[in-house]
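Below are the chains, spelled out letter by letter.
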Amino acid sequence: MRRVLFVALLLAPCLRAQVVLTAGDTRVSLVQVLRPHPEGLFLTLPDAQGRGLDSATQAALEQEPALALQLTMQALDRASTSGRELAALGGWDSTRPHWALLGPGPRIYAEGTEAPSATALAEAYGRSPLRTRADTLREFLRANPDQGEAQAQLLLQLRDLAERRAEAALASRPKDHPLLGDEGDDRIWGEYADRYERFFNLGIWRDADPGASSPVLIAAKLSVAAEHSPRLRELAARLMPAVEEALRDKPSETRRWDLWLSFREAGARGSAGAVLAGLDPLPGARRWPPEAAVDAFVEDAQQSGDWREAEPVLQAAFDANEAFLRQLEAAAKEDAGPRGGPVDMGGAFGFGQWNGEVASLVEAKLHLGKPEEADRIFQRVFARVPRPEFAEAAAQLARDCGAEALADKWARMGKPGN
Amino acid sequence: MLLKRRLLLFPPLLAGALGAQTAVQRTLMDREGEGAPPATLWVVDAKGGRALAEGFSSLLGASALKVYQVPMKALALDGAKAREALASHGLPAAPQWYLADARTGALRARGTALPPPEAFARTLQEAGFRDRAQDLQAYLKRNPDSLEAREQLMAVLRQRGEAAAQRFMGIQVDARRERLEGGDLAGASAPEGSPKTDLSQAKPMGAVQDLEAWSAFAQELDTVFRSGQWREMDMAWTREGRPLDAASLTLQGLYLRWMPAVEEALRQDPSSESSWSLWCRMSEASGGRRLRPLLDSLRPSPLTPKSEWPPESVIPLLFASAKTPGDWQALKAHYQAVWEDGSHPLLQRSVEQTASSRESDWSGCLGPLIECCLRAGDATQADALFRGAMEASRWGSLAEKAAALAARCGQPALAARWKAAR
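Rules used throughout
- Residues numbered from 1 in each chain as written.
- Chains lettered and ligands numbered in written order.
- Predicted model: local features only at pLDDT ≥ 70, side-chain atom pairs only at ≥ 80, totals over all residues.
- Helix = DSSP H or I, 4+ residues; strand = E, 2+ residues; numbered from the N terminus.
- Buried ≥ 20, exposed ≤ 12 C-beta atoms within 10 Å, placed from the backbone.
- Contact = placed C-beta atoms within 7 Å.
- Pairing = 2+ DSSP bridges.
- Nonpolar A, V, L, I, M, F, W, Y, C, P; charged D, E, K, R; others polar.
- pLDDT = per-residue confidence, 0-100.
- Axes fitted to C-alpha atoms, helices over the stretch in contact; angles between N-to-C directions.
- Parallel < 35°, antiparallel > 145°, perpendicular 65-115°, else oblique.
- Left-handed = near helix turned anticlockwise from the far one by under 90°.
- Core = buried A, V, L, I, M, F, W, Y, C linked by C-beta atoms within 7 Å.

Draft legend 1. How the structure looks around the overall build of chain B. The helix and strand tally for chain B stands at 20 helices and four strands. For chain B, the proportion of its 422 residues judged to be buried stands at 34%. Sequence separation of at least 24 residues holds for 65% of the intrachain contacts in chain B that already meet a minimum separation of 6.

Draft legend 2. Quick peek at the overall build of chain A. Assigned secondary structure in chain A consists of 19 helices and five strands. Per-residue burial over chain A gives 42% buried out of 418 residues. Across chain A, contacts joining residues at least 24 apart in sequence account for 67% of those joining residues at least 6 apart.

Draft legend 3. Molecular detail of the pairing of strand β4 (residues 107–111) of chain B. Residues and elements named next belong to chain B. Across four bridges, the pairing between strand β3 (residues 96–101) and β4 is antiparallel. Within β4, the residue paired with Y98 across the bridge is R110. Here β3 folds back onto β4 in antiparallel fashion, the turn holding five residues, of which G105 has a positive phi close to 80°.

Draft legend 4. Focus on the interface of chain A and chain B. The interface is formed by 48 residues belonging to chain A together with 45 residues belonging to chain B. Breaking the side of chain A that touches chain B down by element, the ones donating at least two residues are α6 (133–143), α7 (148–171), α14 (310–336) and α16 (356–367) of chain A. At eight residues, the largest contribution of residues to the side of chain A that touches chain B is made by α14(A). Here the side of chain A that touches chain B is composed, by residue class, of 19 nonpolar, 13 polar and 16 charged.

Draft legend 5. Examining the confidence of the model for chain B more closely. All names here are of chain B. Mean pLDDT for chain B: 85, with 86% of residues reaching 70 or above. For chain B, the element scoring lowest by mean pLDDT is helix α1 (residues 2–18), at 37; helix α10 (residues 207–227) scores highest, at 97. Across residues 191–195, where pLDDT falls below 50, the model places six contacts with residues more than four positions away in sequence or in other chains. Under the prediction, the complex receives an ipTM of 0.84, its pTM being 0.82.

Draft legend 6. Geometry of the packing of helix α18 (residues 379–393) of chain B against helix α19 (residues 396–408) of chain B. All names here are of chain B. Relative to each other, α18 and α19 sit at 165°, their axes nearing to 9 Å. By the angle between their axes, α18 is roughly antiparallel relative to α19. Crossing angle aside, the handedness with which α18 passes α19 is right-handed. Across the interface between the two elements, F386, A389, M390 and S393 of α18 pack against L398, A399 and A402 of α19. In the contact of α18 with α19, the residues fall into six nonpolar, one polar and no charged.

Draft legend 7. Broad picture of the sheet that holds β3(B). Residues and elements named next belong to chain B. Strand order in the open sheet formed by four strands is β2-β1-β3-β4, with mixed pairing between adjacent strands. With one partner strand each, in any of the chains shown, β2 (72–76) and β4 form the two edges of the open sheet. Taking the axes of each pair of neighbouring strands and ignoring which way they run, one obtains an average angle of 20° across the sheet. Note that strand β1 (residues 39–45) and β3 share six bridges and pair antiparallel. Bridge pairing in β3 links L41 to L99.

Draft legend 8. How the structure looks around the confidence of the model for chain A. Looking at chain A as a whole, its pLDDT mean stands at 89, while 90% of the residues score no less than 70. This stretch, residues 1–23 of chain A, has a pLDDT under 50; its non-local contacts, to residues over four places away or in other chains, come to 37 contacts.

Draft legend 9. Structural detail: unusual backbone geometry. Omega for the peptide link from A:E64 to A:P65 comes to 5°, which places this bond in the cis form. For A:P65, the position within the fold is in the loop between α3 (54–61) and β3 (73–75). With an omega dihedral of 0°, the bond running from B:W309 to B:P310 counts as a cis peptide bond. Among the secondary structure elements, B:P310 is positioned in the loop between α14 (291–297) and α15 (315–321). Even without being a glycine, A:Q70 presents a positive backbone phi close to 50°. Among the structural elements, A:Q70 can be located in the loop between α3 and β3. Not every positive phi belongs to a glycine, and B:Q69 is a case in point at roughly 50°. Structurally, B:Q69 is set in the loop between α3 (51–61) and β2. The exposure class assigned to B:Q69 is partly exposed, which follows from the 19 C-beta atoms found within 10 Å.

Draft legend 10. Representation of the nonpolar core in the model. Within the largest apolar cluster, 76 residues are counted, with the highest numbers of intra-cluster contacts made by A:F297, A:V362 and A:A394. Looking at which element gives the most residues to this core, the answer is α7(A), with nine residues. Discounting chain neighbours no more than four positions away, the residues touching A:A394 are A:W354, A:V362, A:F378 and A:W410. Counting residues in hydrophobic clusters, the runner-up holds 39 residues, among them B:M205, B:F217, B:V224 and B:V262.

What follows is the structure, encoded as structure tokens:
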């Protein structure tokens, strides 16, 4: 879940309406600001006193009916090249702040000097010849229905919009009924669910890595909000067998585990141990279960509270890393030669220290009543990189697991003088 | 996991930071692949002699032993390295061979004379060497859907095919990774195979040799194309393999048969790096299908910026195959978009611009754009681009570089004018 949220955060800037200050690079021209936005862009320019309409325009864009446009807003600096060009294009003086809808050209399609309403922005856009990204993709896909990259791009647009609508709809529901009603579910998630299934059946999510900038991998994962949608829960349950079959064909592929985790978060049943049951490790495999499955085992344990399956997997990962670190340090000593200085590959490159994977192992040990082993592991990694924040994090983890004595001991280790 | 991601960054990082073939670098490289050799064969010859090393080369190349892919290091007894290596194992300073464990460095076997093939095969097996292809084939019989086993089998068979083809052709072609391991950072970042690969200088392979070298790999590739599994497989050899394919009629025939399947995959995902990598490898080897018609048949997403179409990985091939003014116009549109998209060191006179940033702006964008203009017959635009950059950057080397480019493009008058602009 944490990783999904992280990816969502990474994507947020390119998907959501946002304020982007271009003041950092004052040489950027208006044409350059507009180039990545053939769908159009809302721009604001402050008055001479620096009063602007950024917040008001942004707030309006986040409300229906403007929300559906999924447009970006940028606040220009009056002293920047693009700001000066915009003022000249609109023939604006500096006595009042402005907002404007611009399209390629550059051309102004609508403008104002008062805070705009969501309806006003949507109407202004409707009167312009501009097309939203989603509409452009829909039209393209009517002519090219099997173009998977465009399908993935449209899915990302639809997912973003639906998540924002679902958030608003769920805010008004009681917390013990976190599911959307049928009508709302269909309105919010209907098109996404239909198009997701078509995309899934096209099968390109199974293809070899299309590259880091491809939308296919990100779109293949179900929305982080899918658990609140009965329709998406049903979809996830129905498609899960195909995901698990794909995983069994390639259990070392992180992308397939990520997809599986997103289905599980949407409510589909499954456990990492069951997926791998009956599979043989590859001849000569150094790790089994594969490294890519570690997150899935941890998620399973966190969900069920049963750490018995995850513990040996995490222990094997820890042992393998420790052994590798020893090899690396020996190699570094060899490179340094007899007169070489101290060698600390772990400290130098930031691994072999307290991190998420070690924390999960310690958590497993604590849940399984093995505090001595937990302590040994922490002592080993803390000795390597004794940062106070690591001791604090470990102490907090111990406290969360009810191991107060260990928590106190580790907290003391992080204090100056210890 | 996090650790692995960090480690993936290490090899290039350390290759630059620590120099060639450090122990750290070897350790990191070894960790990357499963099925790494369990031991290294060290061969120490008497001063001025090569008898033992040559004997082992021929022994390991024999069909019974080559499946083990034994890494061999040959040393001369009078060298410091040999003395150090022998001393570290407590061995006498005399001609000999020994097998050292890849992980622990421990001695696994030793001798002073060339062993008979059967005995040495047993020694290798006892040291942990396996016929990886055989192991993987046996695994695939039990698990026919395992994509990972197929990927690894394909890698092993490719490696064997390359070794045999090089032997038959009497050439040695470095793979990118080997250049990196050898400390050749510039060579490692150059396009695969260049500049050492000139297959026209190699001995041509006969049909029997071609089959002996490539039939196992070709058969496996054919199998995964027939089953459709190829789309899900990481074909690392398309990026890292030695570019020997053009010398094999077996591979050319196979590529021509299956290129339409790759093109179909590209129609579904026109930006897929893995599909392009495979297509380019097939196209370069077979020379049978041109890129331009394929690009014309693809429908990139309407959200793909002009500067990202065609995909970056295809551009070198597009450059190499451009012939008509139309080809150059298409390339020009791409570079024009790249030029207009970002900010360019060659359009700024800021003191922050270093020679290397201007250099890379020239070679990555302005140079190709000017070349496209010239070859497409638009000298006026080329001149305007040159003058704009010259005026903005006042970079001394620009005039020289642009003049050389104009001369290469058959524009001597322009070359002279640009040279004088300095």
